[in-house]
Amino acid sequence: DANGLDVLGLAYATPYLEPLRPQARRVTAAMPAAQGVEAWPTGARNLACLAGETALPFANALFDRVLIVHGLEESDDPLALLRETWRVLAPSGRVILAAASRRGLWANSETTPFGVGRPFSRGQLEQLVREAELEPIAWSRALYVPPAPGLIRFAEGFERVGSRLWPAFSGLILLEAVKQTFARKPNAVRAPARARGAVG
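On a predicted model such as this, the values are computed, not experimentally measured, just so you know. (Residues numbered from 1 in each chain as written. Predicted model: local features only at pLDDT ≥ 70, side-chain atom pairs only at ≥ 80, totals over all residues. Heavy atoms only, no water.)

A word on the side chain of Asp6
- In this structure, Asp6 sits in strand E1 (residues 6-11).
- Look at Asp6 and you get buried, because its relative accessible area is 3%.
- In contact with Asp6, not counting residues within four places along its chain, are Arg25, Arg26, Leu62, Phe63, Asp64 and Arg65. (Helix = DSSP H or I, 4+ residues; strand = E, 2+ residues; numbered from the N terminus. Buried < 20%, exposed > 50% of the residue type's maximum accessible area, 1.4 Å probe, protein only. Contact = heavy atoms within 4.5 Å.)

Side note on the layout of surface pockets
- One number sums up the size of the largest pocket: a volume of about 250 Å³.
- As for the largest pocket, its lining consists of 13 residues, of which Tyr12, Tyr16, Val69, His70 and Ala98 are closest to the centre.
- Taken together, the elements giving at least two residues each to the lining of the largest pocket come down to helix H1 (14-17), strand E4 (63-69), strand E5 (89-100) and strand E7 (172-179).
- When the residues that make up the lining of the largest pocket are grouped by side-chain class, the tally is 11 nonpolar, 1 polar and 1 charged.
- In this model, the second largest pocket occupies a volume close to 210 Å³.
- As for the second largest pocket, its lining consists of Asp1, Ala2, Val7, Tyr16, Leu20, Arg65, Val66, Leu67, Arg94, Val95, Ile96 and Glu176.
- Breaking the lining of the second largest pocket down by element, the ones donating at least two residues are E4 and E5.
- Looking at side-chain class alone, the lining of the second largest pocket contains 8 nonpolar, no polar and 4 charged residues. (1 Å grid on protein atoms, 1.4 Å probe; cavity = no way out; pocket = protein on both sides within 12 Å on 5 of 7 lines; lining within 4 Å. Points joined across faces, edges and corners; volume = space filled by probe spheres on them. Nonpolar A, V, L, I, M, F, W, Y, C, P; charged D, E, K, R; others polar.)

Pasting the structure below:
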């Protein structure tokens, strides 16, 4: 739900941002320099920019939602990318990560984009987001159909069966995390006690 929210998409997120545009207050796409940038959306005022993954051109705590699609796998420093995401994420904001699964067949196929970069296990993703001071709250898996063109028409059946019979072998891991900020108590300062009154 992006109703009235500010949304940022990083890396290959533009196909998923398009349905959010009518309901969100602001939708922006940032594409890492190594990936290159394309004008988005097609036929309208450009809402995409080229950005350094550790120096996003946005103010602190600007976005309520951040969607990172295949950005971690190709990042030189995934932790730095997530820390920069933390910076632009509003308090209680949420980030959704889509990353290639280490055990999936897609990560082993060099003929697909999933075979580029570094895939992750669920545990590795959870540890990474925690190191970036984000708290994982939900996760899911998808893409059970093998990476063979002839099998794509059976994708729906593979998804139903795969999620029940071999969940660890999905091609994609989806992880949602929240930015939790806590009020910090000021450090106590020691001061000498002063007694007022007449001394007899």
